[in-house]
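# Per-entry structural report
Okay, here's what each chain looks like letter by letter:
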Amino acid sequence: MTQTMQTLIQIVDTAVADAYRRGGPHLACHPGCSQCCIGVFPIAHEDAARLREGLTALEQSDPERAARIHARVANSLTRLDPWFPGDLATGILNEDHEAAILFEEFANDEPCPVLDLTSGTCDLYTGRPILCRTFGPPMRSEGDNGEVNLATCELCFIHATTEEIAACELDPTITDQQETSNNTFNTTNHLHGETLIAYALRPSQPPTP
């Protein structure tokens, strides 16, 4: 893991821990709660690299668990490939408006391939993407009309007031810091766009432009 990547993870994990401290009982997240692990979502290539590092380490420390991940990845790709709104050779999602519309209805019921469906826990937890790390606490999200909302997991903050939700907001600078780190990683590695976890963990070379 690069120093830039380590720095971003430290910043994010510290900010999330602070949000959880303020969120208290409003946060329902716990091991085994995996609703947010169902349905594909874009990840940065920096996230993808961290997942691959985690899988490589797991192949040495727990080859049986790593083999189960490889099997789930292969099964997931069988389902995803026919409808993948991107370049199958690279695993990079298309970035045009039509692709964005297609993605809205794409694989919403597909479980993450690193999710252990028996335990409901992540087999690559320490290498999980930034979105997985930050999901749960209130986080700023831009609506269709440009308005800024505080989005939360639908299982969290159910009985919280608007003021209580606002008081637990995740550090809003995280998004910009993540974008800067991702752009630096992409520039250094001549990459662009985003991918999916299943494509990041294919038994092949990392995506190229």
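Keep in mind that what you see is a predicted model, and the values were worked out from it rather than measured.

## Quick look at empty space enclosed by the protein
- According to the stated counting rule, one finds two cavities of 30 Å³ or more in the structure shown.
- In this structure, the largest cavity encloses a volume near 100 Å³.
- Around the largest cavity, the lining comprises 13 residues; the ones closest to its centre are Val40, Phe41, Cys112, Pro113 and Ile197.
- Every element with two or more residues in the lining of the largest cavity is listed here: α3 (63-80) and α8 (197-200).
- Looking at side-chain class alone, the lining of the largest cavity contains 10 nonpolar, two polar and one charged residues.

## A closer look at the side chain of Asn186
- Positionally, Asn186 belongs in helix α7 (residues 174-189).
- What Asn186 contacts, discounting residues up to four positions off in sequence, is His45, Leu191, His192 and Gly193.

## With respect to the environment of Leu117
- Tracing the backbone through its elements, the reader meets Leu117 in the loop between β3 (115-116) and β4 (121-122).
- In this structure, the C-alpha to C-alpha distance between Leu117 and Gly32, residues 85 residues apart in sequence, is 9.0 Å.

Calculation notes
- Residues numbered from 1 in each chain as written.
- Predicted model: local features only at pLDDT ≥ 70, side-chain atom pairs only at ≥ 80, totals over all residues.
- Heavy atoms only, no water.
- 1 Å grid on protein atoms, 1.4 Å probe; cavity = no way out; pocket = protein on both sides within 12 Å on 5 of 7 lines; lining within 4 Å.
- Points joined across faces, edges and corners; volume = space filled by probe spheres on them.
- Helix = DSSP H or I, 4+ residues; strand = E, 2+ residues; numbered from the N terminus.
- Nonpolar A, V, L, I, M, F, W, Y, C, P; charged D, E, K, R; others polar.
- Contact = heavy atoms within 4.5 Å.

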